[in-house]
Amino acid sequence: MEEKISQIQKNYLQRIAQAKTLKQLDEIFLALFGKKGELTLLPKEFGKLSEEEKRKISPLFNEIKLELETEISEARKKIREESYKKLKGEKFDLSGVEIKKRTGHLHPLTQIEQQTAEIFQKIGFSQFEAPHIDSDYNNFEVLNIPQNHPARDLWDTLYIIPGKLLLRTHTSNSQIRILKQNKPPIRLMNIGRCFRYENLDARHEHTFEQFELVYVDKNVSMANLQYLSEYFLKAIFGQEIKVRLKPKYYPFVEPGVGVDGLCIFCKGQGCQICGGVGWLELAGAGMIHPSVLKRGGIDPQVYSGIAWGFGPPRMAMLKFGIEDIRLFNSGILSFLQK
Amino acid sequence: MKVSIDWLKELVNLNISVTELIALLPLRSVSIKEFNEDFFELDMKGYNRADLLSMRGVAREVAAITNSKLNFNDEKIDFPDLPKVEVIVEDTDLSPVYCVAKIENLKVEQSNDTWVKKLSDCGIRSINNVADITNLIMLEYGQPMHAFDAQKVSGRVSVRVAKAGEKIVTLDGKTRNLNQEDLLIADENGPIGIAGVMGGKDSEVTESTTSVLLEAAIFDPVSIRKTAQRHGLPSEASKRFQHGLTKTNLLQALAAAIKMYEDLGGKLTAITLIGNLKQGTKNLKLTQKKTNSLIGVNIPPDQVKSSLKKLGFTLQNETVTVPYWRLDINIEEDVIEEVARMYGYENIPSKPLPNFKTKLFQVPLIYNLKKTLADLGLTEVQTYSFYSTQVTKNLELTTEDLIKIANPISSETEFMRDELWPNLLEAVAKNIKNGFKDVAIFEIGKVYSPPDKETYHLAIALMNGSDNPILELNQIFQNLGLHPKGGKLENRQYFHPTRFTDHMAEVHPRVVNKFGIEQRIAALEVEIEK
């Protein structure tokens, strides 16, 4: 057996050394490691060996196997490097060619986000930019979420400098900037990437999009919030959708609001997607907390405001019937070109 | 909070069905995570309603929103004159209230079926009658309790922070190295429990226990949270300490616990109450004008008053007195939310926004660029803001130049991208392996560089089956009419030795091959302004 193995080693090392093309190396690889390759079949003969022989042969076999593998991959590199040398001879000119005819596609999130921006632009909202990398202060503390507060449990955070610099967990990091940089009346919106410490599955992403608007004026009320919710969800899902508000806790709004839409799949009958309740929670909102307004330099005795937001990925999943949130960042063309 | 339905029915005379209640709670109070015939679970994650972490709190809420009658009242508490358990509280900031009752003459047995069912409905396993009382009281009142085996506690009990190098074996059998910020309960031999988090193994109630030291305390919420996180010990008790406790409720709970032990044949022989036990009252201003203008509905003053009364508030003129159990109510807007909840958010009418003239809007540059690219036949992709390990390995990236995540979920989210084309190359390879013979993709997104810089980039990757794809890429680029300033492809080793410009290059086959593909690929990268 020992001899057989060293015979294979000798034989193939020679063949590898002589190979001139990647194709030849592929053939050699198959002859060794393919389904009927010599090294694939050999261990089947080990059964006949005595225990003592096995103890000797096994390490030897593994050693040779590794050697041949390494040799093939080194030989591949060598042949490749040879071919790379020829690249210098390839000409570079930018003479005109036709652009191939292809059907282009916008990402589903781009479609939903653009549609959203246009819907709110019609009633006076302009876009506002806020950074992805932000301070703990802007993302949490200014929004009534101090360090070591139980409310922190709502946001599992990716930090660059723990306790100081982080990847924003929500577009609400735009709130303090919007309030500080503008005078009421304010109608601004922010769309973009947010990040959470989240293990991936069909319903959870660590990198996802959010939309959020800030509306500040005199006499802004929850009745306006009902209007905004209806106005948006009707534009997305059609006039027949019903919208209802319910209490929901976010530390930076008071009162806090959850926005339910009548389940678009079962029309309120109760189905698997809405968990049998007939309603889907589609957005989160509330009346901006007076202490947030104050920190933004706005007098809560004179003005009130609405913060209103939703997750474009979830909205796109519902609207386009997408079942796995991970597809959005996957780059998989069979999904993106559907 | 898992709410036992049988238990709830003991505490409140429900005048609607449980099914109706389960439909109503999300509209008035809080979402329901899960329910069956035995329990419903309130979605309390991060929520500030400390009172809803108890059966009595839930019963009060349910009574208010359903107009049902409560079957309990707060009792007047009077403890008998007895000797004191010897206790010293060294840190009164971290432990403002600390009470211990000594109960003797106990016999440890299995709990009765009613107790076992109540506990299991609420998601807690029955241990034995003596330990179960502490959990039943915690569930009913929201006040955590701990029972130490009195015979295993030597000398004076002290409440103090840990000393350097101190250790304790907790109830779960694990040895915990204590931090000098951890608040402890100790006897003269050392720690017997981590305050508010977990008791010690050495002082655990066992079959042979005949007397206990029953602890009811209020600890500093932040300290408890830090300690629970430091030791990875989230518990039902520590959750309640973090959300906040009240003195009135503590005394109610302690008296009820003692009564339960007495019903088992136990005898209260000593009691110590340390700290200011007087519950303060909170008064807030509430005006009809603010209420109506924030909700957007004219709710009659009588209705406001009766709504608040059902929830335990009193309203006199423009002053609201907050019930002691509502630690979450601190400003006028908090009270207005109560009024709105009782009115029913779903009954608030829709009111359009007034007309608004703005000059801002701004042209959606990025969207227009995306549209042009899609019209040219390219497909938009979005990739992670991170470099995968495949990218960092194949490009042999020097990660010191990248923003590093301090607590990555895995090595796939450790480094943030500073260019887009590597992620597109990875996407091209993935699609080629999936059988695509032609891949023309682009991404517009942010790239990041230390310490916290973010810029928008556009990148394109093209594999058109030819051995010189940069020709077609150049045509696409020309069609965009961009005059880019930044985002040059500078790392020459990644690119073809002759086929490159400032913003376009054929990716070197050496790099491409590492992704397991053989095709020629051209890439473009430019910085764009938003």
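Analysis parameters
Residues numbered from 1 in each chain as written. Chains lettered and ligands numbered in written order. Predicted model: local features only at pLDDT ≥ 70, side-chain atom pairs only at ≥ 80, totals over all residues. Heavy atoms only, no water. Helix = DSSP H or I, 4+ residues; strand = E, 2+ residues; numbered from the N terminus. Rg over C-alpha atoms; globule rule 2.2 N^0.38 Å. Buried < 20%, exposed > 50% of the residue type's maximum accessible area, 1.4 Å probe, protein only. Contact = heavy atoms within 4.5 Å. Areas by Shrake-Rupley, 256 points an atom, 1.4 Å probe, with all protein chains shown as cover. Lys, Arg positive; Asp, Glu negative; His and termini not counted. Charge placed at Lys NZ, Arg CZ, Asp CG, Glu CD. pLDDT = per-residue confidence, 0-100. Salt bridge = Lys/Arg side-chain N within 4 Å of Asp/Glu carboxyl O. 1 Å grid on protein atoms, 1.4 Å probe; cavity = no way out; pocket = protein on both sides within 12 Å on 5 of 7 lines; lining within 4 Å. Points joined across faces, edges and corners; volume = space filled by probe spheres on them. Nonpolar A, V, L, I, M, F, W, Y, C, P; charged D, E, K, R; others polar. Phe/Tyr/Trp six-rings, centres within 6.5 Å; stacked < 30°, edge-to-face > 60°. Pairing = 2+ DSSP bridges. Axes fitted to C-alpha atoms, helices over the stretch in contact; angles between N-to-C directions.

Asker: Mind laying out the overall build of chain A, listing which residues take part and the relevant values?
Answerer: Tallying secondary structure elements over chain A gives 11 helices and 10 strands in all. In summary, chain A has a C-alpha radius of gyration of 31 Å against a globular reference of 20 Å for 338 residues, an excess of more than 25%. Considering only C-alpha atoms, chain A reaches an extent of 95 × 60 × 45 Å along its principal axes. Within the span of chain A, comprising 338 residues, buried residues form 54% of the whole. The contacts of chain A with a sequence gap of at least 6 include a subset with a gap of at least 24, amounting to 67%. Carbon together with sulfur atoms contributes 50% to the accessible area of chain A, which is approximately 15800 Å² in total. Each charge class in chain A can be summarised by its mean position, and for the 48 positive and 41 negative side chains these summaries are 4 Å apart.

Asker: For the confidence of the model for chain B, give the residues involved together with the corresponding values.
Answerer: For chain B, per-residue confidence averages 94 on the pLDDT scale, and 99% of positions sit at 70 or higher. For this predicted complex, the interface confidence reaches an ipTM of 0.91, while the overall pTM sits at 0.89.

Asker: Let's hear about the pattern of salt bridges: which residues, and what values?
Answerer: All names here are of chain B. Under the definition given, this model contains 54 salt bridges over all chains. Residue Arg341 is joined to Glu61 by a salt bridge in which the shortest nitrogen-to-oxygen separation is 2.5 Å. With a gap of 280 residues between them, Arg341 in helix 11 (residues 332-343) and Glu61 in helix 3 (residues 55-66) connect regions that are remote in the sequence. Taken individually, Arg341 and Glu61 each receive the classification buried, so the pair is uniform in this respect.

Asker: Account for the layout of surface pockets, with residues named and values stated.
Answerer: Residue and element names in this part refer to chain B. Of the voids in this model, the second largest pocket is the one considered here, and its volume is about 940 Å³. Lining of the second largest pocket is provided by 35 residues; of these, Ile127, Asn135, His146, Leu171 and Met198 occupy positions nearest its centre. Listed by contribution, the elements that provide at least two residues to the lining of the second largest pocket are helix 5 (129-141), strand 8 (146-149), strand 13 (190-194), strand 14 (198-199), strand 15 (212-218) and helix 7 (236-243). Tallied by class, the residues present in the lining of the second largest pocket amount to 19 nonpolar, 10 polar and 6 charged.

Asker: Could you give an account of the packing of aromatic side chains, naming the residues involved and the relevant values?
Answerer: In this description, an aromatic ring pair is defined by two values, namely the gap between the centres and the angle between the planes. Enumeration according to the criterion identifies 25 aromatic pairs over all chains in this entry. Between A:Phe211 and A:Phe310, the ring centres sit 5.4 Å apart and the planes meet at 35°, which makes this aromatic pair tilted. Highlighted residues: A:Phe211 in strand 6 (residues 207-217) and A:Phe310 in strand 10 (residues 304-310), separated in sequence by 99 residues. Assessed through its relative accessible area of 1%, A:Phe211 is described here as buried. Owing to a relative accessible area of 5%, A:Phe310 belongs among the buried residues under this scheme. Taken together, a centroid distance of 5.5 Å and an interplanar angle of 55° make the contact between A:Tyr249 and B:Tyr47 tilted. Of this pair, A:Tyr249 sits in the loop between strand 7 (243-247) and strand 8 (253-262) while B:Tyr47 sits in the loop between strand 4 (39-42) and helix 3, which puts the two residues in different chains. Look at A:Tyr249 and you get buried, because its relative accessible area is 15%.

Asker: Which residues make up the sheet that holds strand 8 of chain A, and what values go with them?
Answerer: Pairing is mixed across the open sheet formed by 7 strands, whose spatial order is 1-5-6-10-9-8-7 (chain A). Only two strands of the sheet have a single partner each, and these edge strands are strand 1 (126-127) and strand 7 of chain A. As defined by bridge partners, strand 7 of chain A adjoins strand 8 of chain A across 5 bridges and the pair is classed as antiparallel. Within the sheet, the bridge partner assigned to A:Lys246 lies in strand 8 of chain A and is A:Gly258. Where helix 11 of chain B meets the sheet, it contacts strand 7 and strand 8 of chain A, and its direction lies at approximately 30° from that of strand 8 of chain A.

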